[in-house]
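# A structural walkthrough
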Amino acid sequence: MRKIVMYSLGVFWIGFLCLAQPLFAQNAVPDAAEAGTVAVTESLSSTAEIALPVVAQGEEAAPWAPDTGDTTWILVCSALVLAMTAPGLAMFYGGMARKKNALNTIFMSFIILCLISVQWVLWGYSLAFGPDVGKMVGNLDWMFLNNVAAAGPSPYAGTIPDYAFMVFQLVFAVITVALISGAVAERMKLSAFLLFAVLWATFIYDPLAHWVWGGGWIGDLGALDFAGGTVVHISSAAAALAGAIMVGKRRGFLKDYMAPHNLPLTVIGASLLWFGWFGFNAGSALSAGTQAATAFVVTNTAAAMGGLSWAFAEWMYRGKPTALGAASGAVAGLVAITPAAGFVGPMSALVIGLGAGVLCYMAVFMKAKLGYDDALDVVAVHGVGGTWGAIATGLFANPVFSGGAAGLFFGNPGQLWKQVVAVAATWAFVFVGSLIILKIVDLIVGLRVTEEEEQRGLDLGQHNETAYS
Amino acid sequence: MKLIQAVIKPFKLDEVKEALVDMGIYGMTVSEVKGFGRQKGHKETYRGTEYTIEFVPKTRLDVAVPDDKVQAVVDAIVRAAKTGTIGDGKVFVMDLQETVRVRTGETGSNAL
C-alpha cells in the first residue's frame, strides 16, 4: 500500500512538472514582457523597464549587457559557496561523527544541497527576494523563477544577470540548512530531517533572508549583515539548538566514548570551508571591486586569528593545542567575520577573529553543563561566533571600508543597538519557529531512529550501507 | 615445551623479534591488543569533551620454545623490550602440552 502511494506520488510529480512547463514562463520572452506590464513592485518594474526594450523595442535602445567581470566573479563565488556544503561541510561534519554514522552525516549535507537547490528555484527565491509583502516576506510572483529575467539585470545588483544573483543566494540557503544537521547528527531520522529542511527553508530561512536582504524590516532598520551572520549563522544555530533539544540526547551522551572517527577528514573539510568562504564573503560584495577585495582580506585575517586563538586557548587551558581546535577556531573566525566582512578593516578583523576563537572555545563547554546534546557544536561555533560577529560589526564598522556605515568605535553608537535588535529578533524567531516545525515533523514521521538502530549506527539503519567496508 | 607470552610496547616489537631470530627462534605469533597494568591510560580531548582511555594499545607476542631455551628467550625479550619506564609490559611463561605441525603431522619439540 505504502509503495503504491509512493509510486503514484512520484508519477504525479513528474507528470506535474512536464505538463506545467508552459506555465513556467521564465524562458518565454513574451511572458517576460507581460510581466513587465504587471509591474508588481518598484524593484520589479525597474527590472522590467530595463529588460523590456530588449524584447519589445530592440531596435531603439541598446540591450542591457552584464558587467562581465562582476558576473564572472559572482558565478565563481556561487561555485565556491557550493563547495562549502559539499564537500566542505560534509567532510567537516563527517569526520567528527563516529564511524558507524559517518556516511549518514555526510549524506545529510549532500542531500540538502540537492533538496534546497530544488526548493529555491520552485518557491524559495520568490519568498526571500520576491516583491515585498509587509516587510515580512516576498510574495509568490517569482515562483518557478517566473518574472526572473533570464536576459536582464538583478534588481539587487544591476551589473549582474538576475540568474547570477539568484544562484548565488541559492547556495547560501543550501549551506544554512545543511549546517543544522550537525546538531542532530547520529540519531535523527533522515525522513524527519528532510521534511524539517523543506519546512524550515520555506517558513524560516526564506522570510528571514527577506527581512535582512530582500527589502524587509531588519534591512530597513539599518542593521548590518554583510554576508549572513544573522541570516545564515545565527539562524542555523538557533535551529540547531531547537533540534538538539527536541530530538534529544544521543544514547550515552557524556558517558560513552564518542570521539571523532576521522579528524584528517574534518581538517580537510574545515580547510575547504575556509576556501569556499572567500566566495561567501567577498562574493557578497556582488561585484568584483574594492569591497570584494576588502572582504577577502578580512575574511582570511579573521580565520587565521580564530585558528590561532582557539589553539592557544586550549594550550593554556588543557596543556596541548589540538588539530580539531585549530580547525574549529578558523571556522569560528570565519563565522564571526561574515556579517562584518565588507564593513571593517583588517586590524578589526584580527580582534574579531581573536574573540571568536576564545569565545567559541569557551562555548563548547556549555552543552555538558546545560545538558543539551548539540552533537557537532553548531550552537557554540555558529551561534556564539555569529552573535559575536554581528555585535562586533556594530563596534568596528569603519566608513573607510564600508563606504558609509560606522560602528560604535567609529562614532556611531546607535549602530550597536540595531545589531542587538537584529540578533535578538533572529534568535527568537528562528528558535521558536524551529520548535514548532520540529513538533509538527515529530507528529508526522517521528524525529528519532529506534534505540537499536542508533546502537548499530545510522549508516546501516538509514541507508543499508557503510562508510568503510 | 613452554609457551611464552609477552605483552610489550608496540614500538619495541622489531627489536624483540630480531633478538629472537638472532638466537634461532624462527616462529612467533603477534597480535595487537589493548590492556592496562600499573601504567595508567591516556587522555584524549575533542573540543570541550575529555575522555580517559584506560586500555592502552600493546603488542602481544606468542612464542613456543623447547624447555632448554626458555630462560634465554625470556631474558632476550626482557632485554630487548625494556625502556625502564612504566608500561614496558610483562612476560608470562606457561606449560605447553603438545604441538603438532599441520603439514607433516610431527609432534612435540620436533614441531617447533
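Above this text you will find the structure in question.
A brief look at the structure comes next.

Let's shift gears to the pattern of salt bridges. This model, assessed by the stated rule, comprises 14 salt bridges over all chains. Measuring nitrogen to oxygen at the nearest pair gives 3.3 Å for the salt bridge that ties D377(A) to K367(A). Here D377(A) is found in the loop between α14 (366-370) and α15 (378-396), whereas its partner K367(A) is found in helix α14, with ten residues between them in sequence. On the basis of relative accessibility, which here comes to 5%, the residue D377(A) falls in the buried class. Given a relative accessible area of 8%, K367(A) falls into the buried group. One salt bridge connects K12(B) with E15(B), and the closest N-O pair in it is separated by 3.3 Å. Counted as one network, the salt bridges with shared partners bring together R98(A), E186(A), R250(A) and D373(A).

This part takes up the interface of chain B and chain A. Many structure descriptions define interface size as the accessible area lost when the parts assemble. In this assembly, eight residues from chain B lie in contact with 19 residues from chain A. For the pair chain B and chain A, the summed buried surface comes to about 1100 Å²; carbon and sulfur atoms form 58% of the total. Contact with chain A buries surface across chain B, with Y46(B), R47(B) and Y51(B) losing the most and accounting together for 66% of the total. Applying the counting criterion to the chain B and chain A interface returns two salt bridges. Between E50(B) and R318(A) there is a salt bridge, and its shortest N-O distance comes to 3.5 Å. The interface formed by chain B and chain A contains six residue pairs in polar contact (both at pLDDT 80 or more).

What follows concerns the sheet that holds strand β5 (residues 56-65) of chain B. For sheets, the rule is that strands pair by backbone hydrogen bonds, running either parallel or antiparallel. Residue and element names in this part refer to chain B. The strand order across the open sheet formed by four strands is β2-β5-β1-β6, and the pairing between neighbours is antiparallel. The open sheet has two edge strands with one neighbour each: β2 (29-35) and β6 (89-95). Looking at each pair of strands side by side, their axes are set apart by 20° on average, direction ignored. Summarising the sheet, strand β1 (residues 2-8) and β5 pair through seven bridges and their orientation is antiparallel.

Moving on to the side chain of N281(A). Residues and elements named next belong to chain A. Counting through the fold element by element, N281 comes out in helix α10 (residues 263-282). For N281, a relative accessible area of 0% corresponds to the buried category. At a separation of 3.0 Å, a polar atom in the side chain of N281 contacts the side chain of T299. Every residue in contact with N281, bar those within four places of it in the chain, is listed here: F226, A227, A295, T299, L334, I337, T338 and A341.

All names here are of chain A. Positionally, T301 belongs in helix α11 (residues 290-318). For T301, a relative accessible area of 18% puts it in the buried group. When residues no more than four places from it in sequence are discounted, the contact partners of T301 are P346, A349 and L350.

Next up on the list: helix α2 (residues 70-81) of chain B. All names here are of chain B. Across its twelve residues, α2 extends 16 Å between first and last C-alpha, which sits within 8% of the 16 Å expected from 1.5 Å per residue. Those residues of α2 that fall on the buried side of the exposure criterion are V70, V73, V74, A76, I77, A80 and A81. Mapping the buried residues of α2 onto a view down its axis gives an arc of 160°, with all of them on the same face. Opposite its buried face, α2 presents the exposed residues Q71 and R79, each directed more than 90 degrees away. Taken together, the buried residues of α2 touch β1, α1 (13-22), β5 and β6.

Looking now at the packing of aromatic side chains. Residues and elements named next belong to chain A. Within this structure, the stated rule accounts for 29 aromatic pairs over all chains. With a centroid separation of 6.3 Å and an interplanar angle of 75°, the aromatic rings of W120 and F129 are classed as edge-to-face. Pairing F196 with W200 gives two aromatic rings, centres 6.5 Å apart and planes at 35°, and the pair type is tilted. On the criterion of helical spacing, the pair formed by F196 and W200 is a turn pair, its members being four residues apart in helix α7 (residues 190-213). Ring-pair connections join several aromatic residues into one group, and the members of that group are W120, Y125, F129, W142, Y156, F165 and Y205.

Residues and elements named next belong to chain A. Two elements in contact, helix α6 (residues 162-184) and α10, have axes separated by 11 Å at closest approach and are oriented at 140°. Here α10 runs oblique to α6, going by the angle between their axes. Of the two possible hands of crossing, α6 and α10 adopt the one that is left-handed. The residues of α10 that touch α6, namely those facing F168, F172 and I175, are L273, G279 and F280.

Before going further, it helps to examine a nonpolar patch on the surface. Residue and element names in this part refer to chain A. Where nonpolar side chains cluster on the molecular surface, the patch consists of V432, I436, I440, L443, I444 and V445 and spans about 560 Å² of accessible area. With respect to the helices and strands, L443 occurs in helix α17 (residues 414-444). Look at L443 and you get exposed, because its relative accessible area is 67%.

Our focus in this paragraph is the environment of T71(A). Position of T71(A) relative to the elements: it lies in helix α4 (residues 68-96). Sequence spacing of T71(A) and I160(A) is 89 residues, and the spatial spacing of their C-alpha atoms is 5.1 Å.

To continue, consider the nonpolar core. Grouped together as the largest cluster of nonpolar side chains are 126 residues, with contacts concentrated most on F196(A), W200(A) and Y205(A). Apart from the residues within four sequence positions on either side, F196(A) is in contact with I180(A), M188(A), A239(A), S434(A), I437(A), L438(A) and V441(A). Judged by nonpolar contacts, the second largest core, of 16 residues, contains L20(B), V70(B), V73(B) and A76(B).

On to the packing of α1(B) against α2(B). Residue and element names in this part refer to chain B. One way to put it is that α1 packs onto α2 with a least axis distance of 8 Å and a crossing angle of 150°. Comparing their axes, α2 and α1 come out roughly antiparallel. Seen from above, α1 lies across α2 with right-handed handedness. Mapping the contact onto sequence places E15, V16, A19 and L20 in α1 and V73, A76, I77, A80 and A81 in α2.

Rules used in this analysis
- Residues numbered from 1 in each chain as written.
- Chains lettered and ligands numbered in written order.
- Predicted model: local features only at pLDDT ≥ 70, side-chain atom pairs only at ≥ 80, totals over all residues.
- Heavy atoms only, no water.
- Salt bridge = Lys/Arg side-chain N within 4 Å of Asp/Glu carboxyl O.
- Helix = DSSP H or I, 4+ residues; strand = E, 2+ residues; numbered from the N terminus.
- Buried < 20%, exposed > 50% of the residue type's maximum accessible area, 1.4 Å probe, protein only.
- Contact = heavy atoms within 4.5 Å.
- Buried area = accessible area lost by both parts, 1.4 Å probe.
- Polar contact = N/O pair within 3.5 Å; in protein donor to acceptor, adjacent residues only side chain to side chain.
- Pairing = 2+ DSSP bridges.
- Axes fitted to C-alpha atoms, helices over the stretch in contact; angles between N-to-C directions.
- Expected span 1.5 Å × (residues − 1).
- Arc of directions from axis to C-beta.
- Phe/Tyr/Trp six-rings, centres within 6.5 Å; stacked < 30°, edge-to-face > 60°.
- Parallel < 35°, antiparallel > 145°, perpendicular 65-115°, else oblique.
- Left-handed = near helix turned anticlockwise from the far one by under 90°.
- Patch = residues over 30% accessible without salt bridge, like charges linked within 9 Å, V, L, I, M, F, W, Y side chains within 5 Å.
- Areas by Shrake-Rupley, 256 points an atom, 1.4 Å probe, with all protein chains shown as cover.
- Core = buried A, V, L, I, M, F, W, Y, C linked by side-chain atoms within 4.5 Å.

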